[in-house]
Amino acid sequence: MSRFYWVNEDRAARTKHGGYLDAAHTWGLPGIRCHACGATWSAVAHDFPAIDLSPLPESREFLKPRAESFPEFARLRELVRPLLPPHIELPPGTSFGPLKGSAVGEFGAMAWLGPRLLLRRDALESLQAEGVRGLLGCRTELRFRKKNAPELLELQIEPRGRFHPDCIPSDVPPPCTTCGRHGFGRPDEPILDAASLPQELDLFRVGNFATMLIGTEQFMDAVHRLGLVGMTFRELPTR
């Protein structure tokens, strides 16, 4: 049976290197002001840095973060939907294009920007050579203050698996039938829904809680074999 691990930033490694990123993706869907459930909200970590919106005549409409009514959000979502695989959900706040911003200090093999993971090119290629499946490194537009800056690539990590319903509190209202919002906090004891987990990826996000990054045992073992520093692993049950 496959084993799955919650992958998180090792804060001690950041303290050791001292690197800091201040960056955002180029384009994004707006947030929503939902007329049905009354919530104003935006998702986090639904990021597709490999998707270029510049060919769209309406690309400027995706530059400014803001909240829109559901009909306006739906109009914009349909403009970008053909650029992505059909299984990808596009909640409000989904972002596209390379990270743009500044990078200060020293970096090791990896860097984190909240739940987003960046790897040096050599670290990414080493993981791929170890047989880790589904890693897509995307260029960034980061400004460094020093010469000979490292090349940091952001991983495009799809939200695919889901929490098992058993770990979502029973008093949480069902998702809004209009905007899809399902308002619950991260469970203290997360359980992954085994039937939802992708079989072809060694690194993915929890689809209904995308700030959580999940790696397979193969991914964890490759990280350890290569001596890559900057991640912690906690095994999660499946059901």
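What counts and how
Residues numbered from 1 in each chain as written. Predicted model: local features only at pLDDT ≥ 70, side-chain atom pairs only at ≥ 80, totals over all residues. Heavy atoms only, no water. Helix = DSSP H or I, 4+ residues; strand = E, 2+ residues; numbered from the N terminus. Contact = heavy atoms within 4.5 Å. Areas by Shrake-Rupley, 256 points an atom, 1.4 Å probe, with all protein chains shown as cover. Lys, Arg positive; Asp, Glu negative; His and termini not counted. Charge placed at Lys NZ, Arg CZ, Asp CG, Glu CD. Disulfide = S-S within 2.5 Å. Buried < 20%, exposed > 50% of the residue type's maximum accessible area, 1.4 Å probe, protein only. Pairing = 2+ DSSP bridges. Axes fitted to C-alpha atoms, helices over the stretch in contact; angles between N-to-C directions. Salt bridge = Lys/Arg side-chain N within 4 Å of Asp/Glu carboxyl O. Core = buried A, V, L, I, M, F, W, Y, C linked by side-chain atoms within 4.5 Å. Phe/Tyr/Trp six-rings, centres within 6.5 Å; stacked < 30°, edge-to-face > 60°.

**Q** Could you clarify how one ought to interpret the overall build of the protein in this entry?
**A** Helix and strand counts for the protein stand at four helices and 16 strands. Projected onto its principal axes, the C-alpha coordinates of the protein cover approximately 50 × 45 × 30 Å. Residue pairs at least 24 apart in sequence account for 77% of intrachain contacts in the protein once pairs closer than 6 positions are excluded. For the protein, the accessible surface area stands at approximately 12100 Å², while carbon and sulfur atoms represent 49% of it. For the protein, the separation between the mean place of its 29 positive charges and that of its 29 negative charges on side chains is 5 Å.

**Q** When you look at the environment of Asp-221 in this model, what are you seeing that I'm missing?
**A** Checked against the element boundaries, Asp-221 lands in helix 4 (residues 217–226). C-alpha separation for the pair Asp-221 and Gly-19, spaced 202 residues apart in sequence, amounts to 25 Å.

**Q** Sorry if this is basic, but what is going on with the state of the cysteines here?
**A** Cysteine pairs can be linked by a disulfide, which is a covalent bond between their two sulfur atoms. As enumerated under the stated definition, the model contains zero disulfides in all. Residue Cys-37 stays outside any disulfide, its sulfur separated by 3.8 Å from that of Cys-34, the closest cysteine. Cys-37 gets classed as partly exposed once you look at its relative accessible area, which sits at 40%. Cys-179 takes part in no disulfide bond, and the closest cysteine sulfur to it belongs to Cys-34, at a distance of 3.7 Å.

**Q** Before we go on, may I ask you to explain the sheet that holds strand 8 (residues 110–113) in this structure?
**A** Strand-to-strand pairing in sheets goes through backbone hydrogen bonds, with the strands running parallel or antiparallel. With respect to topology, four strands assemble into an open sheet ordered 8-9-12-10, the strand pairing being antiparallel. The outermost strands of the open sheet, each flanked by one partner alone, are strand 8 and strand 10 (137–138). Of the strand pairs in this sheet, strand 10 and strand 12 (residues 152–155) are connected by two bridges, and their pairing is antiparallel. Directly across from Gly-137, in strand 12, lies its bridge partner Leu-155. The strands touched by helix 3 (residues 121–129) are strand 9 (116–120), strand 10 and strand 12; relative to strand 9, the strand with the most contacts, the crossing angle is about 95 degrees.

**Q** Could you clarify how one ought to interpret the environment of Gly-137 in this entry?
**A** Relative to the helices and strands, Gly-137 resides in strand 10. On a C-alpha basis, the gap between Gly-137 and Leu-21 in space is 17 Å, while along the polypeptide they are 116 residues apart. Sequence-distant contacts of Gly-137, defined by excluding residues within four places in its chain, comprise Leu-124, Leu-153, Glu-154 and Leu-155.

**Q** I tried to follow the sheet that holds strand 3 (residues 31–33) on my own but got confused; where do I start?
**A** Read across the sheet, three strands follow the order 4-3-6 without closing on themselves; strand pairing throughout is mixed. The strands lining the two open edges of the sheet, one partner per strand, are strand 4 (40–41) and strand 6 (67–69). Pairing analysis gives two bridges linking strand 3 to strand 4, with the strands arranged antiparallel. Residue pairing for strand 4: Arg-33 is matched across the bridge by Thr-40. Helix-sheet contacts for helix 2 (residues 70–80) involve strand 3 and strand 6, and the interaxial angle to strand 6 is about 105 degrees.

**Q** Would you mind going over the pattern of salt bridges with me for this structure?
**A** Two side chains of opposite charge can pair, provided their charged atoms sit close to one another. Tallying each qualifying case throughout the model produces 20 salt bridges. Here Glu-72 and Arg-75 are joined by a salt bridge, their closest N and O atoms 2.7 Å apart. Placement of the pair is Glu-72 and Arg-75 together in helix 2, with a separation of three residues, close to one helical turn. Of the residues examined, Glu-72 reaches a relative accessible area of 21% and is grouped as partly exposed. Between Glu-89 and Arg-162 there is a salt bridge, and its shortest N-O distance comes to 3.4 Å. A residue pair is termed long-range when its members are at least 10 positions apart, and Glu-89 in the loop between helix 2 and strand 7 (95–104) and Arg-162 in the loop between strand 13 (159–161) and strand 14 (203–206) qualify at 73 residues. One salt-bridge network, in which partners are shared between bridges, spans Arg-3, Glu-217 and Glu-235.

**Q** What exactly am I supposed to notice about the nonpolar core here?
**A** Note that soluble globular proteins tend to have their nonpolar side chains buried in a common cluster. Judged by nonpolar contacts, the single largest core of 23 residues is most densely connected at Leu-29, Leu-53, Phe-62, Val-80 and Phe-96. Considering every element that reaches this core, the biggest residue donor is helix 2, with five residues. With 21 residues, the next largest nonpolar core counts Ala-109, Leu-119, Leu-135 and Leu-155 among its residues.

**Q** Which parts of the structure should I look at to understand the packing of aromatic side chains?
**A** In this description, a pair of aromatic rings is defined by centroid distance and the angle of the planes. With the rule as written, the count across this model stands at eight aromatic pairs. A ring pair is formed by Phe-184 and Phe-209, whose centres lie 5.9 Å apart and whose planes are at 40 degrees; its orientation type is tilted. Residue Phe-184 is found in the loop between strand 13 and strand 14, and its partner Phe-209 is found in strand 15 (residues 209–216); the two are separated by 25 residues along the sequence. Using a relative accessible area of 11% as the deciding quantity, one classes Phe-184 as buried. Pairwise contacts between aromatic rings join Phe-163, Phe-184 and Phe-209 into one cluster.

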